[in-house]
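# Residue-level structural notes
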Amino acid sequence: MVRANAAALAALLIAIAPVLAQDAPPSDPNRLRPSLDPKRTANGLALTPPMGWNSWNKFGCNVDEATVRGVADAMVSAGMKDAGYHYVVIDDCWHGARDADGFITADAKKFPSGIKALADYIHARGLKFGIYSDAGTVTCGGRPGSQGHEYQDAITYARWGVDYLKYDWCSTGSRNAEEAYALMADALRSTGRDITLSICEWGTNKPWLWASKIGNLWRTTGDITDKWEGKHNGYAWGVASIADMNEPLWPYAGPGHWNDPDMLEVGNGGLSTVEYRAHFSLWAMMAAPLIAGNDIANMDEATRSILLNREVIAVDQDSLGVQGRRISKRGDREVWAKPLAGGGHAILLFNRGKTSASIKVDWAQLGYARGAEKQLRDIWAHRDLGRASGSWSATVASHDVVMLKVQS
Ligand code: GLA
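The present account deals with the structure reproduced in this document. (Residues numbered from 1 in each chain as written. Predicted model: local features only at pLDDT ≥ 70, side-chain atom pairs only at ≥ 80, totals over all residues. Heavy atoms only, no water.)

## Considerations on the environment of Ala211
The criterion, for reference: Helix and strand assignments follow DSSP, with helices taken as H or I runs no shorter than four residues and strands as E runs no shorter than two, numbered in order from the N terminus. Two residues qualify as a contact provided that any one of their heavy atoms is within 4.5 Å of a heavy atom in the partner residue.
In this fold, Ala211 is placed in the loop between strand E7 (196–199) and strand E8 (217–219). For the pair Ala211 and Asp384, spaced 173 residues apart in the sequence, the C-alpha separation amounts to 40 Å. If sequence neighbours within four positions are ignored, Ala211 has contacts with Ile199 and Trp218.

This is how it looks when you write it as structure tokens:
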């Protein structure tokens, strides 16, 4: 009897060993191979990083149905939808009270037509609709949270036509994060509707270690703010600092489950055009969700040309689904690389310094033969640079980037 159980246990361990090996938290994250099997996802959704728009970075709690309708219209007319930005997500502060039966309602002043009508409006434009809630008793903006109402809220969202839920982590007390997110994932699944789950837990409980089979993206940091670097107000970070925190987590990202360094600040006015270009490039290199956070209905040409650069978007959305990483750093001069489907690489030469600098990438750093000749393209300038053997260098302005595609 004992021997039979031991044999059965041994057989089971052999059978699940590859799974355990892949799931084991690595002592050195740079040694973990990315999971590229689309079947190993929570729900088969988000096989490339989600793209869309979210109300929070620009509008905060001042969001209402007229604003969201205007953004939905502009997503189509400005070409955002055609470029792949499909989700229109209302963040915090859309909620009213719960009704007598515990069902959540919308703030009737801000959303007089109701959420279902807004979802219909968005769907009629070929876009998808996202909403926000929180795993605690109240949201970060003080509205009713979903704790204790998970299945009821999931049913409400499905009735309204929700396609994406951003699920926050305020007022959660001593709740276990993995359990709380798994519960909401189960509630969403039980509705039978495809709903992308955005885990917004700020990286506090290292969701990269447990969330890939629960949700589709997980925040890795505190909130982004429209500044270049550093920590602000005790919980928010500038874009370059966020990139530094998100970068080492590259092995955990893959189709259906992405590290989320937070929504874009491009176009919100706190950075220069050059810095916004660097921000957008870093997000694309990191296969980050590209969720615009600006006023799409009133954006200037510089903002438009960044958010709508199809070649940069294609790097983010590359079907291989590998998050790029920093492959060299010499003071302020950095080189980032992202392997692409088909064997090429996207390369980012990134100058963090205060003066312009020459930055070089060697083919050997990319695993190519030292003398190999490669085809190069500048994907911000949309310009072929011809073939180069061994290496490439460029002068990069302060806080700027040169983004290249390298192919055989
Ligand atoms: C938290 C999240 C933000 C935003 C606000 C809303 O701070 O991290 O992205 O959703 O809550 O209150």
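## Focus: the pairing of strand E21 (residues 401–407)
Here is the key point about a regular strand: its side chains alternate between the two faces of the sheet. Here is the rule: Burial status follows relative accessibility: with a 1.4 Å probe on protein chains alone, a residue under 20% of its type maximum counts as buried, one over 50% as exposed, and anything between as partly exposed. In this analysis, strands are considered paired if DSSP registers two or more bridges between them.
For E21, a buried count of 5 out of 7 residues is recorded, marking the element as mostly surrounded by other parts of the structure. Pairing of strand E16 (residues 345–351) with E21, which is carried by 6 bridges, proceeds in the antiparallel orientation. The residue of E21 that forms the bridge with Phe350 is Val401. Relative to E21, strand E18 (residues 373–378) runs antiparallel, the two being bridged by 4 bridges. Bridging across to E21, Arg377 finds its partner in Lys405.

## With respect to the layout of surface pockets
Over the atoms rolls a probe the size of a water molecule, and its path tells where empty space is left. Here is the rule: Two kinds of site are reported from a 1 Å grid over the protein atoms alone, namely cavities, where a 1.4 Å probe fits but cannot get out, and pockets, open sets with protein on both sides within 12 Å along at least five of seven lines, and residues are called lining when an atom falls within 4 Å of a point. Grid points are joined across faces, edges and corners, and a volume is the space filled by probe spheres set on the points. We call Asp, Glu, Lys and Arg charged. Ala, Val, Leu, Ile, Met, Phe, Trp, Tyr, Cys and Pro are nonpolar, and the rest, Gly among them, are polar.
The volume enclosed by the largest pocket comes to roughly 470 Å³. Taken together, 25 residues make up the lining of the largest pocket; nearest its centre are Trp56, Asn57, Asp223, Ile224 and Tyr235. Elements with a minimum of two residues in the lining of the largest pocket: helix H2 (56–59), strand E6 (164–168) and strand E9 (223–224). Per-class residue counts for the lining of the largest pocket are 10 nonpolar, 6 polar and 9 charged.

## Some details on empty space enclosed by the protein
A complete count under the given rule lists 1 cavity of 30 Å³ or more for this structure. In this structure, the largest cavity spans a volume of roughly 70 Å³. Lining the largest cavity are Asn54, Tyr164, Lys166, Ser198, Cys200, Leu217, Arg219, Asp260, Asp262, Met263 and Ile291. Counting only elements with at least two residues in the lining of the largest cavity, the list comes to E6 and E8. For the lining of the largest cavity, the residue count by class is 5 nonpolar, 2 polar and 4 charged.

## Here's the deal with the site of the ligand
Going by this rule: Nearness is defined per residue: one heavy atom within 4 Å of the molecule or strand is enough. Each polar contact in these results corresponds to two N or O atoms within 3.5 Å; when the atoms are within protein, one needs to be able to donate a hydrogen and the other to accept it, and residues that are neighboring in sequence are counted only if both atoms are side-chain atoms. Per-residue accessibility takes into account occlusion by the displayed protein chains alone, with areas from the Shrake-Rupley method and a 1.4 Å probe. Molecules are considered to sit inside a cavity or pocket once more than half of their atoms lie within 2 Å of its grid points.
In the vicinity of the ligand lie 13 residues, with Asp91, Asp92, Lys166, Asp168 and Asp223 positioned nearest. Take Arg219: an N or O atom from its side chain is 3.2 Å from an oxygen atom of the ligand. Taking Asp223, its side chain carries an N or O atom lying 2.5 Å from an oxygen atom of the ligand. With the chains in place, 93% of the 310 Å² that the ligand exposes on its own is no longer accessible. When each cavity is represented as a set of grid points, the ligand is found to reside in the largest pocket. Split by residue class, the shell around the ligand holds 6 nonpolar, 1 polar and 6 charged.

## Thoughts on the pattern of salt bridges
The criterion, for reference: When a carboxyl oxygen of Asp or Glu is within 4 Å of a side-chain nitrogen of Lys or Arg, the pair counts as a salt bridge.
Tallying each qualifying case throughout the model produces 23 salt bridges. The shortest N-O distance in the salt bridge between Glu334 and Lys329 comes to 2.8 Å. The class of Glu334 is buried, set by a relative accessible area of 0%. One network of salt bridges, in which partners are shared, links Asp244, Glu247, Arg326, Lys329, Glu334 and Arg352.

## Side note on the sheet that holds E6
Stated precisely, the cut-off is as follows: Structural elements are reduced to axes, namely lines fitted to C-alpha atoms, with helices fitted over the stretch in contact, and the angle between N-to-C directions of any two is expressed from 0 to 180 degrees.
Pairing is parallel in the open sheet, where 8 strands are placed in the order E12-E8-E7-E6-E5-E2-E1-E13. Two strands close off the open sheet at either side, each with one partner strand: strand E12 (258–260) and strand E13 (290–292). On average, each strand axis in the sheet is inclined to that of its neighbour by 25°, with strand direction left out of account. Relative to strand E2 (residues 87–89), strand E1 (residues 51–54) runs parallel, the two sharing 3 bridges. From the neighbouring strand, Trp53 faces E2, where its bridge partner is Val88.

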